[in-house]
Amino acid sequence: MDFSNIPCQKHKGQDCCLFCKACNYLVCATCVSTKHNGHKMGEIKEFYEMKMNNVRKQQTEVKINERRLKEDDFTLEKIYKSTSENYDTAKKDILAQKTALTIAVAKYADKLLSDLDQDRQSIIKTYDEGKENIQKFKLDLNKLSTELEDISSTTEAATFFKEIENLTLDKTELTAIKLPDHRVTQFASGEIMQSNFGSLRKIMKISKSEIILETSKEFQTELRTINCVALMHHKG
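Since the model is a prediction, treat every value here as computed from it, not as a measurement.

Chemist: What exactly am I supposed to notice about a nonpolar patch on the surface here?
Modeler: Taken together, the side chains of Ile 94, Phe 197 and Leu 200 define a hydrophobic patch exposed on the protein surface, amounting to about 300 Å² of accessible area. We classify Phe 197 as partly exposed; its relative accessible area is 32%.

Chemist: Can you walk me through the nonpolar core in this structure?
Modeler: One recurring pattern in soluble globular proteins: nonpolar side chains tend to sit buried together. One finds Cys 8, Cys 16, Cys 20, Val 27, Cys 28, Cys 31 and Ile 44 forming the largest nonpolar core, which totals seven residues. Not counting chain neighbours up to four residues away, the residues in contact with Cys 28 comprise Cys 8, His 11, Gln 14, Asp 15, Cys 16 and Cys 17.

Chemist: Would you mind showing me how to read a negative patch on the surface here?
Modeler: Together, Glu 71, Asp 72, Asp 73 and Glu 77 make up a region of like negative charge exposed at the surface. Mapped onto the elements of the fold, Asp 72 is located in helix α2 (residues 44–153).

Chemist: Mind showing me how you'd approach the side chain of His 36 here?
Modeler: For His 36, the position within the fold is in the loop between α1 (29–33) and β3 (41–42). When neighbours within four sequence positions are excluded, His 36 is seen to be in contact with Cys 20, Cys 23, Val 27, Cys 31 and Met 41.

Chemist: Sorry if this is basic, but what is going on with the packing of aromatic side chains here?
Modeler: Note on aromatic pairs: each is described by the distance of the centres and the angle between the planes. As enumerated under the stated definition, the model contains three aromatic pairs in all. On the numbers, 4.8 Å between centres and 35° between planes, the contact of Phe 19 with Phe 47 is tilted. Of the two residues, Phe 19 sits in strand β1 (residues 18–20) while Phe 47 sits in helix α2, which places them 28 residues apart along the sequence. Comparing Phe 19 with Phe 47, the two get one shared label, buried. Aromatic pair Phe 160 and Phe 161: ring centres 5.2 Å apart, planes at 85°, arrangement edge-to-face. The class of Phe 161 is exposed, set by a relative accessible area of 53%.

Chemist: Just checking my understanding: could you explain the state of the cysteines for this structure?
Modeler: What is meant by a disulfide is a covalent connection between two cysteines, made through their sulfur atoms. Under the criterion given, the structure shown has zero disulfides. Free of any disulfide, Cys 16 has its nearest cysteine sulfur in Cys 8, 4.7 Å distant. No disulfide involves Cys 20; its sulfur sits 3.7 Å from that of Cys 23, the nearest cysteine.

Chemist: How should the sheet that holds β1 be read in this particular structure?
Modeler: In a beta sheet, neighbouring strands are held together by backbone hydrogen bonds and run either parallel or antiparallel to one another. Judged by pairing direction, the sheet is antiparallel, and its three strands sit side by side in the order β2-β1-β3 without closing on themselves. Looking at which strands have only one partner, the edges of the open sheet turn out to be β2 (25–27) and β3. Here β1 pairs with β2 via three bridges, running antiparallel. Note that in β2 the partner of Cys 20 across the bridge is Tyr 25. Lying on the sheet, α2 is in contact with β1, β2 and β3; it crosses β1 at an angle near 60°.

Chemist: Is there a simple way to explain α2 in this structure?
Modeler: Its 110 residues give α2 an end-to-end C-alpha distance of 156 Å, which sits within 8% of 164 Å, the value for a rise of 1.5 Å per residue. Listed in full, the buried residues belonging to α2 are Ile 44, Phe 47, Ser 82, Thr 126, Gly 130, Phe 137, Leu 144 and Ile 151. Those residues of α2 hidden inside the fold are in contact with β1, β2, β3 and α3 (157–166).

Chemist: Before we go on, may I ask you to explain unusual backbone geometry in this structure?
Modeler: Trans is the common state for peptide bonds, and a negative phi is the common state for residues other than glycine. Although it is not a glycine, Asn 24 sits at a positive phi angle of roughly 55°. Mapped onto the secondary structure, Asn 24 falls in the loop between β1 and β2. Its relative accessible area of 36% is what places Asn 24 among the partly exposed residues.

Chemist: Just checking my understanding: could you explain the UniProt feature "coiled-coil region" (unreviewed entry) in the protein chain for this structure?
Modeler: Per the UniProt record, the feature "coiled-coil region" (unreviewed entry) sits at residues 127–154. When the span residues 127–154 is considered, its composition is 96% helix and 0% strand, and the gap between its end C-alpha atoms is 41 Å.

Rules used throughout
Numbers given for residues are sequential positions, taken from 1 along each chain in its written order. At least 70 in pLDDT is required for a residue's local features to be given in this predicted model, at least 80 for side-chain atom pairs to be given and counted, and no such filter applies to totals for whole chains, interfaces and linings, which use all residues. Side-chain measures were taken over the full set of non-hydrogen atoms in the model, leaving aside hydrogen atoms and water. Patches in this entry comprise residues that are over 30% relatively accessible and not in a salt bridge; like charges within 9 Å are linked, as are nonpolar side chains (Val, Leu, Ile, Met, Phe, Trp, Tyr) within 5 Å. Surface accessibility in these figures is a Shrake-Rupley result with a 1.4 Å probe; residues are shielded only by whichever protein chains are displayed. The salt bridge criterion pairs a side-chain nitrogen of Lys or Arg with a carboxyl oxygen of Asp or Glu, the two atoms within 4 Å. Burial status follows relative accessibility: with a 1.4 Å probe on protein chains alone, a residue under 20% of its type maximum counts as buried, one over 50% as exposed, and anything between as partly exposed. Remark: nonpolar core denotes a set of buried residues (Ala, Val, Leu, Ile, Met, Phe, Trp, Tyr, Cys) joined through side-chain atoms within 4.5 Å. Any two residues having at least one pair of non-hydrogen atoms within 4.5 Å are treated as being in contact. Under the convention used here, Asp and Glu are negative, Lys and Arg are positive, and both His and the chain ends fall outside the count. Every charge is mapped to an atom, namely NZ of Lys, CZ of Arg, CG of Asp or CD of Glu. Every helix listed is a DSSP run of H or I at least four residues long, and every strand listed is a run of E at least two residues long, numbered separately from the N terminus. Two rings from Phe, Tyr or Trp (for Trp, the six-membered ring) form a pair when their centres sit within 6.5 Å of each other. Planes less than 30 degrees apart are called stacked, planes more than 60 degrees apart edge-to-face, and all others tilted. A pair of cysteine sulfur atoms is labelled a disulfide when the two atoms are within 2.5 Å. Two strands are said to pair when DSSP picks up at least two bridges between them. To define axes, lines are fitted to C-alpha atoms, for helices over the stretch in contact only, and angles between the resulting N-to-C directions are given on a 0 to 180 degree scale. Multiplying 1.5 Å by the residue count of a helix minus one yields the expected span of that helix. UniProt positions are given in the numbering used here, feature names are shortened, and annotations may be inferred rather than shown by experiment.

Shown next as structure tokens:
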């Protein structure tokens, strides 16, 4: 590379001949004798190599950042795909659980209704039997009351003793009426809690390691085939 024809930015018609190490700047002869007088100087080639090293370092950093961005983009896409798949699965599971619980609730509700109907039929049966017995005993009591009224109103002793003999007062026993249990049946609704259905939870999904291969350098070889590629860690 030719370093002899670099125009000075401060003095027209002058070419840079050195670089000022103190100011890190290319200078011409006029610069050296004026503003940069007494400063430590160096050759332009040395300044070029120093700047070129910085350029190479920045190029390396750019490539590293590009590689990292590529890996991050790949990882981001993978995470999005995974979360989308998990969203679909979770939604499907929630709907399935909803259907299963709806069926289970309907089944249990039918059982409660059946038990309630059986309880009601038992009460109706007891009620009907009680009403029948009360009606029967009412008729017996009316008959007995009439007989007692006739006996108490008779004025003839012979008739009194004859009728009292036929009276079945001592044989008449009113058995207790079987009444329904005076307890009512009510529905105690249960609370639908999260534990009865399920919940959403966050879990860390460990993905498989992915290797991204990219070309950094190309070489020519006389080999026909390559059976193995070795991974080398670059230090520095």
